[in-house]
Amino acid sequence: MTALTRVDDTTLPAFAAFLMAKAAPDVRDYLATTDLRALFLDRQGAEAWLQGAPAAPAAPAAAVTLARAPRHDGCIVVSAQILTAGGGLAAAEACLEAFLDREDRIAPVARLYRITEQTHQPTPAARLAARGFTRMPGLCEYRRPAGPPRPGEFVLADQALGAGYGLALFDDPAQPPDRAVADRVAAIHNHTLGARGSVADWTADVVQGRLSQPGSGLIVARRGGEIAGHILFQQMAGGILVIEACLARAHWRSGAIDAMCRLMAERVSAPRGLDVVACADVTNAASRRAMERAGMTLAGEHHLWERHVAAGASLHPGPQDQRRPDDQPRRPDTDGAISSPRQPEM
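Residues numbered from 1 in each chain as written. Predicted model: local features only at pLDDT ≥ 70, side-chain atom pairs only at ≥ 80, totals over all residues. Heavy atoms only, no water.

1. With respect to the pattern of salt bridges
If you walk through the whole model with that rule in mind, you get 20 salt bridges. Here Arg272 makes a salt bridge to Asp171, at a shortest N to O gap of 3.9 Å. Of the two residues, Arg272 sits in helix H9 (residues 256-272) while Asp171 sits in the loop between strand S7 (166-170) and helix H7 (179-192), which places them 101 residues apart along the sequence. Notably, a salt bridge pairs Asp258 with Arg293, separated by 2.8 Å at the nearest N-O pair. Linking Asp258 in helix H9 with Arg293 in helix H10 (residues 285-293), this pair joins segments that are 35 residues apart in sequence. For Asp258, a relative accessible area of 1% gives the class buried. Residue class for Arg293 comes out partly exposed when judged on its relative accessible area of 23%. Linked through salt bridges whose partners overlap, the residues forming this network are Glu47, Arg68, Glu103, Asp104 and Arg111. (Salt bridge = Lys/Arg side-chain N within 4 Å of Asp/Glu carboxyl O. Helix = DSSP H or I, 4+ residues; strand = E, 2+ residues; numbered from the N terminus. Buried < 20%, exposed > 50% of the residue type's maximum accessible area, 1.4 Å probe, protein only.)

Given below as structure tokens:
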């Protein structure tokens, strides 16, 4: 079996080229405006590996990216994705086995492994099942038909406006938000999504880079002169993709998310004649309720494969490492933190 080679400064160009060539088409805009070094090399707990002949790192057969993030109970959540050069099942199976075989034979602390299914790549389901993984829903995708607000939607929007929240839309590349706005958006992202270990921290440059893409835009909600939350979106072939919608914790349950979503319907979705698409963790009840208030309905689920390995147990085949009923995954219910699976998915 061909070994994995960890991506470093030397192999980063080959890795970046591989991602841009083999990632799902609707992910490439995201990758093109993302600092891949910050995402895969500098981020705490992040790793990237190439599979292929050591003498030819510029022509990998597959890649695996992962992030290790501690959970509140001390369990380490290991979230991984596999991308193959030709989209073949055999290559995905080989990369999976190479990745799992690199892991500690005996887990020093409890670990929860998550392998995300790719929409455009085969999933080595039989091999995952044989290694003790269980398939389960990970993210829910919601969709709202194009058009202005309809009766019964955005029910908390007026509550937010009555409480003093104001809204602003930035969707003209010739008139981007100033640096202070981009700084605050990055800070809210870092505290609500980056802190969960699933995405890289942002800077104002990252925000402004996203907004330089055709069809992109930003909606912000302010109160008392301070930005309370934002929606960042990108126009894709299938509609207006909500890259993320976030509120600072002090503004949760204020209705500001509803107000921003209503503005999106009025001034983005309706004029462009495009549906709005967004996703949330299947267990994130607050975000799912927010999308339902915005008139969005469930359009599909993105599955993942999970396996728990207790401290002192083995990830490798054996009877001692089955997941216990009390070890079900615990994911935070982050009100107003909605992010697209297309963002981290390769």
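2. Some details on the packing of aromatic side chains
Applying the stated criterion to the full structure yields 2 aromatic pairs. Residues Phe15 and Phe40 carry aromatic rings whose centres are separated by 5.1 Å and whose planes lie at 90° to one another, so their mutual orientation is edge-to-face. Of this pair, Phe15 sits in helix H1 (residues 12-22) while Phe40 sits in helix H3 (residues 36-42); the two residues are 25 residues apart in sequence, bridging distant segments of the chain. Under the relative-accessibility criterion, Phe15 is labelled buried at 0%. Take Phe40: its relative accessible area is 8%, and that puts it in the buried class. Ring geometry for Phe99 versus Tyr113: centroids 6.5 Å apart, planes at 65°, classification edge-to-face. Here the residue Phe99 occupies a position in helix H4 (residues 89-102), and Tyr113 occupies one in strand S5 (residues 111-116), the gap between them amounting to 14 residues. Under the relative-accessibility criterion, Phe99 is labelled buried at 3%. Classification of Tyr113 by relative accessible area gives buried; the value is 1%. Over the ring of Trp252 we find Arg249; its NZ or CZ atom is 4.4 Å from the centre of that ring. (Phe/Tyr/Trp six-rings, centres within 6.5 Å; stacked < 30°, edge-to-face > 60°. Lys NZ or Arg CZ within 6 Å of the ring centre and 35° of its normal.)

3. Considerations on the nonpolar core
In terms of nonpolar packing, the biggest core is built from 34 residues, with Ile219, Ile231 and Met264 touching the most fellow members. Listed by contribution, the elements that provide at least two residues to this core are strand S6 (134-144), helix H6 (157-162), strand S8 (217-223), strand S9 (226-236), strand S10 (239-247), H9, strand S11 (276-281) and H10. Sorting elements by how many residues they give to this core places H9 first, with 9 residues. Sequence-distant contacts of Met264, defined by excluding residues within four places in its chain, comprise Ile219, Ile231, Phe233, Ile240, Val242, Ser269 and Val276. In this structure, Trp49, Tyr113, Trp305 and Leu315 belong to the second largest nonpolar core, which totals 23 residues. (Core = buried A, V, L, I, M, F, W, Y, C linked by side-chain atoms within 4.5 Å. Contact = heavy atoms within 4.5 Å.)

Coordinates in, geometry out; function isn't part of it.
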